[in-house]
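Understanding the architecture of this molecule
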Amino acid sequence: EGYEDKDVRAGNEKRQQELEALSSIHTTILSGNGEASVLEEITRRIAEVSGAKICSIVIPTGANGHGQRLIMPRGLTEETFDRLFPGGAPYGEGVTGWAMLHRRVAASRNVFQDARYDQLREFAAAAGYVSSAAAPIEVDQDLFGALVICYAEERDFTPEELSRLERLARHGPNCLPEAPL
């Protein structure tokens, strides 16, 4: 058995996990348990599929959407975020801000060496992550927010991982009947 066969099998297994996660999210939506339950299922399942330490949905807040805040973070508490950013994080910072501003996937191998991070470096240290990737979430072509995953170690995100994150951001949260909160 060659390396290509193992790579194909690993890719198929990841795709199967992705489909199972989406199916679980859809089942939660259909259960009628409310948006909080759906959002929790989204971040839980995406953290599992990606193997991420942290997974969250980040939305723009404040006047004209010039802040960022977490919804249903997995792997950290909202209190950690709120302690550092009681009024929301600065909009446009980090891979999450970049993904929302440019409406495309963004990744950072090491947030402590990334120019897109300024005030968020302290948050990354407090939350215990080094690398991060985010994909924009659009609902009916309007920006809803971003799906972000974070890892405790430096990570070179593969094109397959970034494509998976983009698909999950497109198909998971977009199932919501209306924008939460």
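Residues numbered from 1 in each chain as written. Predicted model: local features only at pLDDT ≥ 70, side-chain atom pairs only at ≥ 80, totals over all residues. Heavy atoms only, no water.

Quick notes on the packing of aromatic side chains
- Considering all chains together, one arrives at five aromatic pairs under this definition.
- Taken together, the ring pairs connect F81, F85, F123 and Y129 into an aromatic cluster.
- One cation-aromatic arrangement involves R116 over W98; the distance from NZ or CZ to the ring centre is 5.6 Å.
- When the ring centre of Y151 is taken as reference, the NZ or CZ atom of R155 above it lies at 3.9 Å. (Phe/Tyr/Trp six-rings, centres within 6.5 Å; stacked < 30°, edge-to-face > 60°. Lys NZ or Arg CZ within 6 Å of the ring centre and 35° of its normal.)

A look at the nonpolar core
- One finds I42, I46, I57, L147 and I149 to be the most contacted residues of the largest nonpolar core, which totals 26 residues.
- The set of elements that each furnish at least two residues to this core consists of α1 (3-31), α2 (35-50), β1 (54-61), β5 (131-139), β6 (142-151) and α6 (159-171).
- Here the element with the most residues in this core is α2; it accounts for six residues. (Core = buried A, V, L, I, M, F, W, Y, C linked by side-chain atoms within 4.5 Å. Buried < 20%, exposed > 50% of the residue type's maximum accessible area, 1.4 Å probe, protein only. Helix = DSSP H or I, 4+ residues; strand = E, 2+ residues; numbered from the N terminus.)

Things to note about the sheet that holds strand β3 (residues 89-90)
- Taking strand neighbours across the sheet as the criterion, the six strands line up as β3-β2-β1-β6-β5-β4 in an open arrangement whose pairing is antiparallel. The open sheet has two edge strands, β3 and β4 (106-108), and neither has a second partner.
- Two elements, β4 and β5, share three bridges in a ladder whose sense is antiparallel. Following the sheet pairing, S108 is matched in β5 by S132.
- Strands in contact with helix α4 (residues 94-102) are β1, β2 (67-74), β4, β5 and β6; relative to β5, the strand with the most contacts, it is inclined by about 30 degrees.
- Strands in contact with α6 are β4, β5 and β6; relative to β5, the strand with the most contacts, it is inclined by about 35 degrees. (Pairing = 2+ DSSP bridges. Contact = heavy atoms within 4.5 Å. Axes fitted to C-alpha atoms, helices over the stretch in contact; angles between N-to-C directions.)

Overview of the confidence of the model for the protein
- When pLDDT is averaged across the protein, the result is 83; 86% of the residues are at 70 or more.
- Within the protein, no element has a lower average pLDDT than α1, which sits at 71, and none a higher one than β4, at 98.
- pLDDT under 50 marks residues 177-181. Its contacts with residues more than four places away, or in other chains, come to eleven contacts. (pLDDT = per-residue confidence, 0-100.)

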